[in-house]
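# Structural overview
The chain contents come next:
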Amino acid sequence: MLLLSIEEITKEYDGIIALDRISLKVEKGSIKGLIGPNGAGKSTLFHLISGVEKPDLGKIYFKGREITSMESHEISALGMGRTFQTLQIWGNMTVVENIMAGMNRRLKGGLFSCGLWLPWIRRSEKEALKEAKEILDSLGLLGKWESIASQLPYGKQKLLELGRALAMKPELLLLDEPASGLTLAEMRQLSEQISQIRQEGVTVFIVEHHMGMVMEIADKIAVLHHGELIAEGTPEAVRRNPQVIEAYLTRRNPN
Ligand code: ATP
């Protein structure tokens, strides 16, 4: 079953064609990778899917519903979560508050009172706290639940951002370079987490520069180069594709 369908998407910025008639599909329950040299159009595609920007041409469908012109918050309410290339957490809030903030569309209100530990804390908020702690536990962050987020090491902050996206209970999770800045050990842990997230029924669409990681976890990989889709298939097929090899050999910025 298809969860996401991108049809003939084109996006131009001041004469630069960032994406040229791109069509892609993401199957429910899969992990799909999106790779390509710098400037290939990966982030642009994620911005269009998540409603941060609008395409010039083409259509995007999520769960069979057209989302091309929807705003980010509407798309996220439909069940699409996202993490960003640059870390987006609330540094001055605690770890658990960050997760609970991610849940806010499911809470009936009074979200920030959760952080104050008021005696009249609502039942729904108590449930949210329990659920937030479960998410933190699954990410190995439960021991730090009361820490101030900015005081966590960078790798743990990236995991927290992932947890915040998971708190929205997305059906599709877009991960934009989740491994950037991570150590090898953290990257391994992240790969396991992503595989686990899929086991729990979340479909994952991931942009990542660390080829080894994408090759290891993705079922299918799409490759963009200068705004064009030059290959799509299993990691093995993509690895051997001459156009992909050529694109990476001639790239301007080795990353
Ligand atoms: P990287 O791996 O370096 O993040 P990318 O594959 O994500 O690159 P994009 O950031 O999507 O590539 O950029 C694709 C092209 O579109 C590039 O030529 C870029 O300069 C251009 N571009 C992207 N966003 C804008 C913008 N807001 N205004 C002008 N040009 C843009």
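Heads up: the structure comes first, above all this text.
Residues numbered from 1 in each chain as written. Predicted model: local features only at pLDDT ≥ 70, side-chain atom pairs only at ≥ 80, totals over all residues. Heavy atoms only, no water.

Moving on, we get to the packing of helix α5 (residues 154–166) against helix α6 (residues 184–199). Between α5 and α6, the least distance of the axes is 11 Å, while the angle of their chain directions is 10°. Classed by the angle they form, the pair α5 and α6 counts as roughly parallel. Across the interface between the two elements, Gly 155, Lys 156, Leu 159, Leu 162 and Leu 166 from α5 touch Glu 186, Gln 189, Leu 190, Gln 193 and Ile 197 from α6. Split into classes, the residues belonging to the contact of α5 with α6 amount to five nonpolar, three polar and two charged. (Axes fitted to C-alpha atoms, helices over the stretch in contact; angles between N-to-C directions. Helix = DSSP H or I, 4+ residues; strand = E, 2+ residues; numbered from the N terminus. Parallel < 35°, antiparallel > 145°, perpendicular 65-115°, else oblique. Contact = heavy atoms within 4.5 Å. Nonpolar A, V, L, I, M, F, W, Y, C, P; charged D, E, K, R; others polar.)

All told, the structure shown has one aromatic pair when counted by the stated rule. Between Lys 133 and the ring centre of Trp 145, over which it is positioned, the NZ or CZ distance is 3.8 Å. (Phe/Tyr/Trp six-rings, centres within 6.5 Å; stacked < 30°, edge-to-face > 60°. Lys NZ or Arg CZ within 6 Å of the ring centre and 35° of its normal.)

Before going further, it helps to spend a moment on α6. The first and last C-alpha atoms of α6 sit 23 Å apart over 16 residues, in line with the 22 Å expected at 1.5 Å per residue. Of all the positions in α6, only Met 187, Leu 190, Ser 191, Gln 193, Ile 194 and Ile 197 are classed as buried. What you see down the axis of α6 is that its buried residues fit within an arc of 165°, all on one side. Residues Leu 184, Ala 185, Arg 188, Glu 192 and Gln 199 are exposed on α6 and point more than 90 degrees away from its buried face. Backbone geometry just after α6 places Gly 201 at a positive phi near 100°. (Expected span 1.5 Å × (residues − 1). Buried < 20%, exposed > 50% of the residue type's maximum accessible area, 1.4 Å probe, protein only. Arc of directions from axis to C-beta.)

With respect to topology, six strands assemble into an open sheet ordered β6-β7-β8-β3-β9-β10, the strand pairing being mixed. Edge strands, defined here as strands with exactly one partner in the open sheet, are β6 (80–83) and β10 (228–233). Ignoring which end each strand starts from, the neighbouring axes of this sheet average 15° apart. For β6 and strand β7 (residues 172–176), the ladder comprises four bridges, and the chain directions are parallel. Note on β7: the bridge partner recorded for Arg 82 is Leu 174. (Pairing = 2+ DSSP bridges.)

Attention now moves to the site of the ligand. Within the structure, the ligand sits among 13 residues, and Gly 39, Gly 41, Lys 42, Ser 43 and Thr 44 are positioned closest to it. With respect to the ligand, the backbone of Ser 43 contributes an N or O atom lying 2.8 Å from an oxygen atom. One of the side-chain N or O atoms of Thr 44 is found 2.5 Å from an oxygen atom in the ligand. Protein chains bury 65% of the 630 Å² of accessible surface belonging to the ligand in isolation. Looking at the shell around the ligand, the elements with two or more residues in it are β2 (16–27) and α1 (42–49). In terms of residue count, the dominant contributor to the shell around the ligand is α1 (three residues). A class-by-class count of the residues in the shell around the ligand yields five nonpolar, seven polar and one charged. (Near = heavy atom within 4 Å. Polar contact = N/O pair within 3.5 Å; in protein donor to acceptor, adjacent residues only side chain to side chain. Areas by Shrake-Rupley, 256 points an atom, 1.4 Å probe, with all protein chains shown as cover.)

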